[in-house]
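# Structural overview
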Amino acid sequence: MADMPVETIPTDPSRPSPSSGTALCLSGGGYRAMLFHLGSLWRLYEADLLKTVERISSVSGGSITAGVLALHWSRLSFDKDSIQSAFVPHVVSPIRKLAGRTIDVGAILRGVFLPGRASDRIAKAYDKVLFNGATLQDITDTPRFVFNATNVQSGALWRFMKPYMRDYRVGEVKIPTIPLSHAVAASSAFPPVLSPLVMRLPEDAYTPGSGMDLQRAPFTTRVVLTDGGVYDNLGLETAWKRCATVLVSDGGGKLAPAAKPKSDWARHAYRVLGVIDNQVRALRKRQVIDSYKSGDRTGAYWGIRTNIADYHLDDAFDCPHDRTLALANTPTRLKHVDDHLQERLINWGYAVCDAALRTHCDPQLPKPEGYPYPSAGV
């Protein structure tokens, strides 16, 4: 039996028994991952698989994409003919609109020189472009969307969902009315520049006795959150324990070599954190794939750094590895992405998702006629 790529906590059984349902995990990676996942969703929608997913778990950049999908799920008919009439206007267009804007630099500078935090300004930008005042109570009930952040105080995962938000150590708040933009901003509060996001809550908001050992102020009343990828960079935690079939879309990056790494404490610490994140991501990926091979789980993994030739699919999309690696090296930022690069990232997510699905999930699935944006390629 393969080692699980998630951590068991004291409230879990030693080996959680998953249901027969399907989960989709969307990793972090800024706008790069946001657009890559958008291509993956496009292919899943066309293949009639997205409508069968019971749980969508996301972190960081993946949570931006998931937030838009969750808010507009009820407007999607999931008919193949509705791609242009429903999926594109309600999901693709808002995300592409955000990708055309730089929101991190202004938020950081205002956070340095003016009162307030950078994360609050990011939440405001998300709300203005994507969510228009929606709260967690405005998203769909089914599938279950889980937006994951990391609780800096407890060191545990803080999960935002429509029925509740919780940290197993701090406790549970039922029917949270937190703005959707705040949940997504907490999940994508990249440290150190966009972190932390602070939530102030009344102590009586929590279900009595729902926290294991930290259900007391200030853990309950001033919740300090950072990027969900700090705890779980693939968004696996809340999906792996519940579903027997797990699909993983990984838009995360890879640490680039540095011949002369900086030695000042701030930049050196940032580099060391990058090394740790890189190794944890690689370990989780290996454990996910080993679990597929051992039969612990079914599903498929595809990543922005994947070589599509590794699927050995005779009719896979023509995606030269040097070109897709260049896409994978798009910086992890919330920075303006030009239209052509947006379309290439969406096409690449679409193509590699297609290869993974037809290799590992449904060999009878017909190859698509072409990319979402045929003239852009990858």
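Structure report, in brief. Remember, it's a predicted structure, so these values are computed and weren't measured experimentally. (Residues numbered from 1 in each chain as written. Predicted model: local features only at pLDDT ≥ 70, side-chain atom pairs only at ≥ 80, totals over all residues. Heavy atoms only, no water.)

## A few points about the overall build of the chain
- Helices and strands together make up the secondary structure of the chain, namely 10 helices and 10 strands.
- For the chain, with 378 residues in total, the buried portion stands at 56%.
- Here the chain displays about 16200 Å² of accessible surface, and carbon together with sulfur accounts for 52% of that area. (Helix = DSSP H or I, 4+ residues; strand = E, 2+ residues; numbered from the N terminus. Buried < 20%, exposed > 50% of the residue type's maximum accessible area, 1.4 Å probe, protein only. Areas by Shrake-Rupley, 256 points an atom, 1.4 Å probe, with all protein chains shown as cover.)

## Considerations on the environment of Trp348
- By secondary structure assignment, the location of Trp348 is in helix 10 (residues 339-360).
- Note: C-alpha distance between Trp348 and Thr324 (24 residues apart in sequence) is 7.2 Å.
- In this structure Trp348 touches Phe36, Gly303, Ile304, Thr306, Ile308, Cys319, Thr324, Leu327 and Val378, once residues within four positions along its chain are discounted.
- For Trp348, the side chain forms a polar contact with the main-chain oxygen of Ile304, separated by 2.9 Å. (Contact = heavy atoms within 4.5 Å. Polar contact = N/O pair within 3.5 Å; in protein donor to acceptor, adjacent residues only side chain to side chain.)

## Re helix 10
- Spanning 22 residues, helix 10 covers 32 Å between terminal C-alpha atoms, matching the ideal 32 Å at 1.5 Å per step.
- Taken across its 22 residues, helix 10 has 17 buried, putting it largely inside the fold.
- Measuring from the side-chain oxygen of the N-cap residue of helix 10 to the backbone nitrogen of His340 gives 3.0 Å; that N-cap residue is Asp338. (Expected span 1.5 Å × (residues − 1).)

## With respect to the pairing of strand 9 (residues 243-250)
- Within strand 9, seven of the eight residues are buried, which leaves it mostly tucked inside the rest of the structure.
- Bridging between strand 1 (residues 19-26) and strand 9 involves six bridges; their strand directions are parallel. Of the residues in strand 9, the one forming a bridge with Ser19 is Cys243. (Pairing = 2+ DSSP bridges.)

## Considering helix 1 (residues 30-46)
- The first and last C-alpha atoms of helix 1 sit 25 Å apart over 17 residues, in line with the 24 Å expected at 1.5 Å per residue.
- Along helix 1, 16 of the 17 residues are buried, which leaves the element largely enclosed by surrounding structure.
- Count one or two residues on from helix 1 and you reach Asp48, which has phi positive near 65°.

## So, the packing of aromatic side chains
- One pass over the full model with this rule turns up 11 aromatic pairs.
- Considering the side-chain rings of Tyr45 and Phe87, the 5.1 Å spacing of their centres and the 40° angle between planes classify their relative orientation as tilted. One end of the pair, Tyr45, is in helix 1; the other, Phe87, is in helix 3 (residues 83-99), and 42 residues separate them in sequence. The pair formed by Tyr45 and Phe87 is uniform in burial state, with each residue classed as buried. (Phe/Tyr/Trp six-rings, centres within 6.5 Å; stacked < 30°, edge-to-face > 60°.)

## Observations regarding the nonpolar core
- Core analysis: the biggest nonpolar cluster contains 98 residues, and Phe160 and Trp302 have the highest contact counts within it.
- By residue number, the principal contributor to this core is helix 10, which donates 10 residues.
- Counting residues in each nonpolar core, the second largest holds 12 residues, with Leu234, Leu236, Trp240 and Val288 among its members. (Core = buried A, V, L, I, M, F, W, Y, C linked by side-chain atoms within 4.5 Å.)

## A closer look at the packing of helix 1 against helix 10
- The interhelical angle for the contact between helix 1 and helix 10, taken along N-to-C directions, is 50°, at an axis separation of 7 Å. Between helix 1 and helix 10, the interaxial angle falls into the category oblique. For the pair helix 1 and helix 10, the crossing hand works out as right-handed. In this structure, helix 1 contributes Arg32, Leu35, Phe36, Leu38, Gly39, Ser40, Trp42, Arg43, Leu44 and Glu46 to the contact, and helix 10 contributes Gln342, Leu345, Ile346, Trp348, Gly349, Tyr350, Val352, Cys353, Asp354 and Leu357. (Axes fitted to C-alpha atoms, helices over the stretch in contact; angles between N-to-C directions. Parallel < 35°, antiparallel > 145°, perpendicular 65-115°, else oblique. Left-handed = near helix turned anticlockwise from the far one by under 90°.)

## A closer look at the pattern of salt bridges
- Considering all chains together, one arrives at 12 salt bridges under this definition.
- Ionic pairing is found between Asp213 and Arg169, a salt bridge with its closest N-O pair at 2.8 Å. On the criterion of sequence distance, the pair formed by Asp213 in the loop between strand 7 (197-200) and strand 8 (222-227) and Arg169 in the loop between strand 5 (164-167) and strand 6 (171-174) is long-range, its members being 44 residues apart.
- On the basis of relative accessibility, which here comes to 34%, the residue Asp213 falls in the partly exposed class.
- According to the relative accessible area criterion, Arg169 is partly exposed, its value standing at 21%.
- The residue Lys241 makes a salt bridge to Glu237 at a minimum N-O spacing of 2.6 Å. (Salt bridge = Lys/Arg side-chain N within 4 Å of Asp/Glu carboxyl O.)

## A word on the packing of helix 9 (residues 321-328) against helix 10
- Look at helix 9 against helix 10: their axes get within 10 Å of each other, and the N-to-C directions meet at 115°. Comparing the axis directions of helix 9 and helix 10 gives the class roughly perpendicular. Read as a crossing pair, helix 9 and helix 10 show a hand that is left-handed. Residue-level contacts link Arg323, Thr324 and Leu327 of helix 9 to Leu341, Arg344, Leu345 and Trp348 of helix 10.
- Counted by class, the contact of helix 9 with helix 10 contains four nonpolar, one polar and two charged residues. (Nonpolar A, V, L, I, M, F, W, Y, C, P; charged D, E, K, R; others polar.)

## Quick look at the pairing of strand 2 (residues 55-59)
- The buried count for strand 2 comes to five of five residues, which makes it a mostly enclosed element.
- Burial along strand 2 is two-sided: Arg55, Ser57 and Val59 facing one way and Ile56 and Ser58 facing the other are all buried.
- For strand 1 and strand 2, the ladder comprises four bridges, and the chain directions are parallel. In the sheet register, Ala23 faces strand 2, and the bridge partner there is Arg55.
- In this view, the connection linking strand 1 to its parallel neighbour strand 2 by way of helix 1 has right-handed handedness.
- Relative to strand 3 (residues 144-151), strand 2 runs parallel, the two being bridged by five bridges. Residue pairing across strands places Val59 opposite Asn148, the latter belonging to strand 3. (Right-handed = clockwise from strand over helix to strand, strands pointing away.)

What is shown is where atoms sit, not what they do.
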